[in-house]
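Here is what each chain is made of, one letter per residue.
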Amino acid sequence: MRMGRLLAVGTAILCFAPSGAALAKVSASADGKLLRLDGGGVTYAMGVDDKGYLQPLYWGAALDAGAPLAAKVPGELSGFDPAGSITAQEYAGQGEGLVSEPGVKAMFADGNRDLVLKYRGHKVSGETLTVELADIRRPLSVTLRYTMDPTTGVIARSASVRNGDAQPVRIDQMAAATFTLPTGDDYRLHYLTGRHGAEWSQASVAVTPALTVLESRRGSTGHGNQPWFAVGRSGTSETDGPVWYGALAWSGSFQLSVGADNLSRVRISGGYNPYDFSWTLKPGETLDTPVFYAGYSAQGMGDASRRFHAFQRASIIPGGAKAKIRPVLYNSWEATTFNVTEAGQMALAEKAAKIGVERFVVDDGWFGARDDDKAGLGDWSVNPKKFPNGLKPLIDKVKSLGMDFGLWVEPEMVNANSDLYRAHPDWVLHFPDRPRTEGRNQLVLNLARADVRDHILGWLDRLVRDNDIAFLKWDYNRNWTEGGWPGVPPQDQQRVQVEYVRNLYHILTELRRRHPGLEIEGCSGGGGRIDLGIMGVTDQSWTSDNTDPFDRLTIQDGFTQAYAPSIMMAWVTDSPNWANGRETSLDYRFLSAMQGSLGIGSNLDHWQQGDFDTVRTWIAAYKEIRATVQRGDLYRIAPPRPDSATSATLYVAPDKRQAVLFQMLHSSMFRDNVGAVALDGLDPARTYKVRMLDGAALPDGVPGLASGAYWMRAGVRVKMKGDYKGLGLVFEAVK
Ligand code: DGJ
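What counts, and at which threshold
Residues numbered from 1 in each chain as written. Predicted model: local features only at pLDDT ≥ 70, side-chain atom pairs only at ≥ 80, totals over all residues. Heavy atoms only, no water. Helix = DSSP H or I, 4+ residues; strand = E, 2+ residues; numbered from the N terminus. Buried < 20%, exposed > 50% of the residue type's maximum accessible area, 1.4 Å probe, protein only. Contact = heavy atoms within 4.5 Å. Areas by Shrake-Rupley, 256 points an atom, 1.4 Å probe, with all protein chains shown as cover. Lys, Arg positive; Asp, Glu negative; His and termini not counted. Charge placed at Lys NZ, Arg CZ, Asp CG, Glu CD. Near = heavy atom within 4 Å. Polar contact = N/O pair within 3.5 Å; in protein donor to acceptor, adjacent residues only side chain to side chain. Nonpolar A, V, L, I, M, F, W, Y, C, P; charged D, E, K, R; others polar. Pairing = 2+ DSSP bridges. Axes fitted to C-alpha atoms, helices over the stretch in contact; angles between N-to-C directions. Domains from an automatic or database assignment. Buried area = accessible area lost by both parts, 1.4 Å probe. Salt bridge = Lys/Arg side-chain N within 4 Å of Asp/Glu carboxyl O. Core = buried A, V, L, I, M, F, W, Y, C linked by side-chain atoms within 4.5 Å. Phe/Tyr/Trp six-rings, centres within 6.5 Å; stacked < 30°, edge-to-face > 60°. Expected span 1.5 Å × (residues − 1).

### What to know about the overall build of the protein
And step 1. Secondary structure summary: the protein contains 13 helices and 38 strands in total.
And step 2. Oriented by its inertia axes, the alpha-carbon framework of the protein measures out at about 80 × 70 × 45 Å.
And step 3. Looking at the protein as a whole, 59% of its 735 residues are labelled buried.
And step 4. Restricting the contact set of the protein to residue pairs at least 6 apart, pairs at least 24 apart contribute 67%.
And step 5. Of the roughly 26,800 Å² of accessible surface on the protein, a fraction of 50% belongs to carbon and sulfur atoms.
And step 6. Averaging the coordinates of the 79 positive side-chain charges in the protein and doing the same for the 82 negative ones gives two points 3 Å apart.

Below, the structure written as structure tokens:
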């Protein structure tokens, strides 16, 4: 996109005329007092006031090129409110009476903790805007970086702090960005919370001066709070109303805070979690933050998430628009747990190939002394009792059956009962002379150490090079405790919170670079480490260890608020489900799992002939619609809610030529009839033919052919009866 042509510049007012069809993306007034990003129907603007503070001016629906935006110095409210506290700042230093969350908090070598950041300059370079702030007295500067995606309007913001002094400076808090919303007192924060097996629960609270903090103190993203937010106003719904949303691209301890000040100005700040953070900047050293992505929609939570999904597909997920469609995989975990053997896996592989599986994945148990979760992590050589001839015979077999091969690994962990730990007890996170708490009998390797990083990269590289491995499932099954890094000077030990995650990204990035065809699934006891950081170096995510198809509807509804369905792995597993004992039909399990990227996790040795026929049909049907599910627009028509008998989810292909509706009934509640479901996102002028996803005859009352306008206005009304029922309808454009 090309910059617009500057027509006139007032003191702090700009007029732009679009050059060609494209609006200016990054622009600055000639005096540098107004800085603006435009794209995807969104405008983001900031300005420098006469005292030199950089103020947020506007974030919302696109403004005219000549909109009269200008930063003004606020008048004094009272003696209780000095300038630093009443001036809304784009990125504030902790100083001069600031009462809201700072962007950066520092202590200089002489104990001074007053940091006042003012505008020093900016640079527009292609699609990136950088703004330079500096302390009013000391040589400490902050660089803010901005880009905006022209299609979705998603802004990427990050910050760097540089110590230009001859003495060290300790940084105690550092946000990637602070976002400021229009003044108002009717905001609600929507967030995602949960625990192992029950991730992705949706919650909301009013935004008030009582700060809400979403955080992880676990060293990784965690199951507890997602580094994601959506803030709407009182009338905002799935389909209407303004939404400001965003997510931090960071897979370590994080903090997102959302609150209003006493003037009802709402701020959202996100970055490193200050609870166990400090970084002593040496003279001349710089500390960078992760990127905080954020966007705006005027059309409700549904449009906000569709924009964010599109952005993730295009700009975060490896491969972007060229990313491969997710293959249907088989995973051995629920079938064989640690009891993997060459013969057993070969037998499963033969059955998996017959039903249309494209990737066969051996989960935990193939290495070291790994007969249960008490031993083996760290010793990544093939277990000779289980695979006497190495992995080659199994991999050859899998490949001869037309599938590619995947393997489970948990590289960041070590069991105390392992050769690796016996050789390198100092390689784990710990504090000397303190207990080392185990979780699932394992300890966390300190990836911040260069030798640990190189060791992990080394064995992974050899494993992938020496075996025909197309895919790794990268697991991570405990949180940090005693997150110490002895061996570096005390003032540098808390760098572990940052260096660990950077080295994790380094290993994944380097492994992918050395093995360009390799695909990776991120996993952490289910969905414990899913965020935009890990998304950038993995191809898909394990959503939850809870594979019950009914619970999964709620889990998937939560997941898709923030993240794209294409990376959301969903398996069909056995009934009754291991997690909760619920019994469901194969049809229901497929209809639930087909709403993401499909996998099979059942014990195929327990299936009857009829099951294989059913499953073959469903997998073939999935392959016909998966491009729409994985790359289309998701409309959460009727979300699963405890007080509702039904739910409905719709995926519409980007060219609107195919749409797939999943309608689920969890309890008929004495009704054999559910209301009409109106579709969305179709082309009203096109005619769409409808068919059942499993090839069955169309239910009574559903016309075979109608316009997009008909399906979106009259909708489809299908009689359903029973508990845990579902159906899939495919709409194909015929003209
Ligand atoms: C936790 C994962 O979420 C499961 O899918 C499985 O891979 C186990 N770990 C294996 O130990």
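### Remarks on the site of the ligand
And step 1. In the vicinity of the ligand lie 13 residues, with Asp363, Asp364, Lys473, Asp475 and Asp545 positioned nearest.
And step 2. Gly526 has a polar backbone atom sitting 3.0 Å from an oxygen atom of the ligand.
And step 3. Side-chain polar atom of Asp545 to an oxygen atom of the ligand: 2.4 Å apart, as the coordinates give it.
And step 4. Tallied by class, the residues present in the shell around the ligand amount to four nonpolar, three polar and six charged.

### Focus on the sheet that holds strand S24 (residues 359–362)
And step 1. Spatially, S23-S24-S25-S28-S29-S30-S31-S32 is the arrangement adopted by the eight strands of the closed barrel, whose pairing is parallel. For this sheet the average axis-to-axis angle between neighbouring strands, irrespective of direction, equals 30°.
And step 2. Looking at chain direction, strand S30 (residues 540–542) and strand S31 (residues 568–572) are connected through two bridges and run parallel. Across the sheet, residue Ser541 finds its bridge partner in S31, namely Met568.

### Comments concerning the domain arrangement of the protein
And step 1. By domain assignment, the protein separates into domain 1 (24–315), domain 2 (324–631) and domain 3 (636–733).
And step 2. In this complex, domain 2 contributes 23 residues to the contact, which on the side of domain 3 involves 26 residues.
And step 3. Together domain 2 and domain 3 conceal approximately 2,000 Å² of surface at their shared face, both sides included; 64% is due to carbon and sulfur atoms.
And step 4. On the domain 2 side of the contact with domain 3, Leu591, Gln595 and Thr628 bury the most area, a combined 29% of that side's loss.
And step 5. Where domain 2 touches domain 3, the interface holds two salt bridges.

### As for the nonpolar core
Note that soluble globular proteins tend to have their nonpolar side chains buried in a common cluster.
And step 1. Counting 153 residues, the largest nonpolar core has Ile171, Trp366 and Leu472 as its most contacted members.
And step 2. Counting residues per element, this core draws most heavily on helix H8 (residues 496–514), which supplies nine residues.
And step 3. Beyond its immediate sequence surroundings of up to four residues, Leu472 is in contact with Leu407, Val409, Leu460, Leu463, Val464, Leu511, Leu518, Glu519, Ile520 and Glu521.

### Re the packing of aromatic side chains
And step 1. Enumeration according to the criterion identifies 34 aromatic pairs in this entry.
And step 2. Centre to centre, the rings of Tyr187 and Trp244 are 5.7 Å apart; their planes meet at 65°, and the pair counts as edge-to-face. With Tyr187 in strand S13 (residues 187–193) and Trp244 in strand S17 (residues 243–248), this residue pair connects regions lying 57 residues apart in the sequence. Across the pair, Trp244 and Tyr187 agree in class, each one buried.

### Comments concerning the environment of Met712
And step 1. Relative to the elements of secondary structure, Met712 occurs in helix H13 (residues 708–713).
And step 2. Along the chain, Met712 and Asp680 lie 32 residues apart, while their C-alpha atoms are 5.5 Å from each other.
And step 3. In this view, Met712 contacts Ala678, Leu679, Asp680, Gly681, Leu682, Asp683 and Pro684; residues no more than four positions away in its chain are not counted.

### Some remarks on the pattern of salt bridges
And step 1. Under the criterion given, the structure shown has 46 salt bridges.
And step 2. Asp605 is paired through a salt bridge with Lys351; the nearest N and O atoms lie 2.6 Å apart. Taken as a pair, Asp605 in the loop between strand S32 (597–600) and helix H12 (609–631) and Lys351 in helix H4 (residues 342–355) lie far apart in primary sequence, 254 residues in all.
And step 3. Of the residues examined, Asp605 reaches a relative accessible area of 39% and is grouped as partly exposed.
And step 4. Among the ionic pairs, Arg440 bridges to Asp373, the shortest N-O distance being 3.6 Å. Of this pair, Arg440 sits in the loop between helix H6 (419–423) and strand S27 (442–444) while Asp373 sits in the loop between S24 and helix H5 (392–400); the two residues are 67 residues apart in sequence, bridging distant segments of the chain.
And step 5. We classify Arg440 as partly exposed; its relative accessible area is 29%.
And step 6. Beyond isolated ion pairs, a larger network of salt bridges with shared partners links Asp461, Arg465, Asp466, Glu510, Arg513 and Arg514.

### Side note on helix H2 (residues 300–315)
And step 1. The end-to-end C-alpha distance of H2, which contains 16 residues, comes to 22 Å, matching closely the 22 Å that a straight helix rising 1.5 Å per residue would cover.
And step 2. When you tally the buried positions in H2, you get 12 out of 16 residues, the bulk of the element.
And step 3. Turning to H2, its buried residues number three or more, namely Gly300, Met301, Gly302, Asp303, Ala304, Ser305, Arg306, Phe308, His309, Phe311, Gln312 and Arg313.

### Brief notes about H4
Because an α-helix packs 3.6 residues into every turn, residues spaced three or four apart end up facing the same way.
And step 1. A rise of 1.5 Å per residue sets the reference length of H4, with its 14 residues, at 20 Å; its end C-alpha atoms lie 20 Å apart and thus fit the reference within 8%.
And step 2. Among all positions of H4, only Glu342, Gln345, Met346, Leu348, Ala349, Ala352 and Ile355 are buried.
And step 3. Packing partners of the buried residues in H4 comprise strand S23 (329–331), helix H3 (333–336), S24, H5 and H12.
And step 4. At the C-terminal side of H4, Gly356 shows a positive phi close to 105°.

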